[in-house]
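Per-entry structural report
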Amino acid sequence: MGVPGWFARERADGDRFADLVDGTESPDDDEFAHELALVGGLRELGAGGAPDAETRQRIRDEIAGRLAEAEAEAAPKRRGHAVANLAAAAVALVLALGGITLLLSKDALPGDPLYGIKRAGESASLGLTFDEQDKAKKHLEFAANRVGELDELTRQGAPTAAYFTGLADFETDLRAGVSQLTALVTDQGGQSRLAELRSWARQQSDRLGLQIDLAPTEARDKFSAARALLDKVQERTTDLGSRLVCYTITTGSSDELGAVPAAGDCVRNPDSPDAVLPPVTSSPPSSAPSVTPTPTSVPPSSGVDTAAPTGPLAPPSGGTPPPVVATPGPTTRTLPPTTTTPPPPLVSIPPLIPGLPPIIIG
């Protein structure tokens with residue numbers, strides 16, 4: 001492709017002027033005279049305004065001093081950044097090791113070195129649970145885990161101190177879970193929650209009963225105390241459930257298992273969510289007794305046969321025949337159809353605590 005003529009001429013003029021400025025070529029006559037004079041003036045001005053050697057040294061020293069100050073100010077910041085990076089790396093390492101340790105402590109038993117880490121993880125789980133019912137369920141779940149760990153201790157022949165630790169933690173979670181759950185039931189009602197808690201306590205008591213004979217002699221009293229506490233939980237759920245339909249449910253005081261049920265007469269509260277109203281049954285309409293026509297007695301008269309005639313009556317001679325009266329037939333009353341109310345449907349409530357059977361009402 002060819003280059004336009006005007007572009008080639010401009011480029012040639014530019015190259016010519018550059019050669020004249022560099023002095024590699026000499027101008028012809030007044031070629032670029034004005035432009036070359038301007039370049040020469042600028043060169044003279046630049047040479048005359050240049051700083052002397054002393055000024056240049058002073059500027060150089062000032063620049064070096066400012067660079068040194070900036071370096072001194074930046075050094076602590078760099079050290080601070082290095083310390084922050086080191087601390088962040090240490091925290092990340094601690095968290096990683098903590099996560100691994102928590103994972104390894106999942107199967108730790110009372111008395112093991114990692115058992116404390118396991119309990120700390122359970123406490124953290126409770127701290128991250130904000131619903132009161134879920135928190136109560138977690139306490140009871142941890143208590144059930146302690147019973148399983150005690151069973152494992154009996155298989156391994158663990159020392160007595162391990163049993164003491166496991167039973168103490170079991171009672172701690174049991175009291176906390178029962179207290180929170182009974183507080184919810186007292187405030188919101190819920191016979192099903194109490195029934196599930198009572199069934200759960202019975203199961204845990206049976207599990208501990210199977211472990212007593214296998215445990216060390218020194219720990220058997222602790223097992224008996226734990227079972228007695230479970231029996232108290234069952235009594236508490238029964239007493240509290242019987243007061244849910246009353247105006248006065250608790251005494252206002254509490255003990256290790258939470259609210260204490262009230263005693264005395266129960267004034268039923270119809271607004272209670274656990275109040276069960278009797279079903280309304282409509283009695284079938286009473287049938288009126290059937291009316292049986294009473295036969296009319298015929299006064300006796302001489303010469304008249306009162307026996308039922310076997311054929312049509314003959315009119316008496318010499319008189320007007322009597323009128324014929326129709327005898328009404330038997331009266332029957334049709335009874336209304338009897339309606340049968342179908343039985344209510346079965347209602348199945350999912351278990352409140354994992355591992356328990358559902359409750360079926362109906």
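These numbers were taken from a predicted model, which means no experiment stands behind them.

**Regarding the overall build of the protein**
- Scanning the protein for helices and strands turns up 8 helices and 4 strands.
- If you list the helices and strands of the protein from N to C, you get α-α-α-α-α-α-α-α-β-β-β-β.
- Every one of the 362 residues in the protein was classed for burial, and the buried ones make up 24%.
- Taking the contacts inside the protein whose residues are at least 6 apart along the sequence as the reference set, 56% of them involve residues at least 24 apart.
- Of the roughly 25,300 Å² of accessible surface on the protein, 60% is carried by carbon and sulfur atoms.

**Brief notes about the confidence of the model for the protein**
- Of all residues in the protein, 66% attain a pLDDT of 70 or more, and the chain-wide mean is 76.
- Of all helices and strands in the protein, the one with the weakest mean pLDDT is strand β3 (residues 347-349) (65), whereas helix α8 (residues 220-242) scores best (95).
- When the criterion is pLDDT under 50, residues 277-318 qualifies, and its contacts beyond four places in sequence or with other chains add up to 7 contacts.

**A look at the pattern of salt bridges**
- The tally for this structure, following the rule as stated, stands at 14 salt bridges.
- In this structure, the salt-bridge partner of Arg 119 is Glu 122, at a minimum N-O distance of 2.8 Å. With Arg 119 and Glu 122 both in helix α4 (residues 115-127) and 3 residues apart, this pair spans about one turn of that helix. In this structure, Arg 119 and Glu 122 share a single accessibility class: buried.
- Between Arg 146 and Glu 122 there is a salt bridge, and its shortest N-O distance comes to 3.0 Å. Here Glu 122 lies in helix α4 and Arg 146 lies in helix α5 (residues 132-156), a separation of 24 residues in the sequence.
- A residue is classified by how much of its surface remains accessible, and Glu 122, at 9% relative accessible area, is buried.
- One salt-bridge network, in which partners are shared between bridges, spans Lys 118, Arg 119, Glu 122, Arg 146, Glu 149, Asp 169 and Asp 173.

**Some thoughts on the nonpolar core**
- Among the nonpolar cores identified, the biggest contains 29 residues, and Tyr 163, Phe 170, Leu 174, Trp 200, Leu 208 and Phe 223 are the most heavily contacted of them.
- Excluding residues within four positions of it along the chain, Leu 208 makes contact with Val 147, Leu 150, Phe 170, Phe 223, Ala 226, Arg 227 and Leu 230.
- One finds Val 185, Leu 240, Leu 244 and Ile 249 within the second-largest nonpolar core, a separate group that totals 5 residues.

**Focus: the pairing of strand β1 (residues 250-255)**
- Looking at chain direction, β1 and strand β2 (residues 258-261) are connected through 3 bridges and run antiparallel. Bridge pairing in β2 places Asp 255 opposite Gly 258.
- In textbook terms, the turn of a hairpin is the stretch between consecutive antiparallel strands, and for β1 and β2 this stretch comprises 2 residues.

**Side note on the environment of Arg 220**
- Structurally, Arg 220 is set in helix α8.
- Between the C-alpha atom of Arg 220 and that of Phe 164, which follows or precedes it by 56 residues, the distance is 9.9 Å.
- Filtering out sequence-adjacent residues up to four positions away, Arg 220 remains in contact with Ile 212, Asp 213 and Ala 215.
- In this structure the side chain of Arg 220 is engaged in a polar contact, spanning 3.3 Å, whose partner is the backbone oxygen of Ile 212.

**Focus on the packing of helix α6 (residues 160-188) against α8**
- At a minimum axis distance of 10 Å, the contact between α6 and α8 shows a crossing angle of 5°. Looking at the two axes, α6 sits roughly parallel to α8. In contact with Tyr 163, Phe 164, Leu 167, Phe 170, Glu 171, Leu 174, Arg 175, Val 178, Thr 182 and Thr 186 of α6, α8 contributes Lys 222, Phe 223, Ala 225, Ala 226, Leu 229, Leu 230, Val 233 and Leu 240.
- Its residues assigned to classes, the contact of α6 with α8 shows 13 nonpolar, 2 polar and 3 charged.

**Thoughts on the packing of aromatic side chains**
- Overall, the coordinates contain 1 aromatic pair when judged by the stated rule.
- Judged by centre distance (6.1 Å) and plane angle (55°), the ring pair of Tyr 163 and Phe 223 falls under tilted. Pair noted here: Tyr 163 is in helix α6 and Phe 223 is in helix α8, with a separation of 60 residues, a long-range link. Both residues of the pair, Tyr 163 and Phe 223, count as buried.
- Above the ring of Phe 164, the side-chain terminus of Lys 222 is found at 5.7 Å from the ring centroid.

**Description of a nonpolar patch on the surface**
- Together, Ile 59, Ile 63 and Leu 67 line one region of the surface with nonpolar side chains, adding up to about 290 Å² of accessible area.
- Its location among the elements puts Ile 63 in helix α3 (residues 53-104).

Conventions used here
Residues numbered from 1 in each chain as written. Predicted model: local features only at pLDDT ≥ 70, side-chain atom pairs only at ≥ 80, totals over all residues. Heavy atoms only, no water. Helix = DSSP H or I, 4+ residues; strand = E, 2+ residues; numbered from the N terminus. Buried < 20%, exposed > 50% of the residue type's maximum accessible area, 1.4 Å probe, protein only. Contact = heavy atoms within 4.5 Å. Areas by Shrake-Rupley, 256 points an atom, 1.4 Å probe, with all protein chains shown as cover. pLDDT = per-residue confidence, 0-100. Salt bridge = Lys/Arg side-chain N within 4 Å of Asp/Glu carboxyl O. Core = buried A, V, L, I, M, F, W, Y, C linked by side-chain atoms within 4.5 Å. Pairing = 2+ DSSP bridges. Polar contact = N/O pair within 3.5 Å; in protein donor to acceptor, adjacent residues only side chain to side chain. Axes fitted to C-alpha atoms, helices over the stretch in contact; angles between N-to-C directions. Parallel < 35°, antiparallel > 145°, perpendicular 65-115°, else oblique. Nonpolar A, V, L, I, M, F, W, Y, C, P; charged D, E, K, R; others polar. Phe/Tyr/Trp six-rings, centres within 6.5 Å; stacked < 30°, edge-to-face > 60°. Lys NZ or Arg CZ within 6 Å of the ring centre and 35° of its normal. Patch = residues over 30% accessible without salt bridge, like charges linked within 9 Å, V, L, I, M, F, W, Y side chains within 5 Å.

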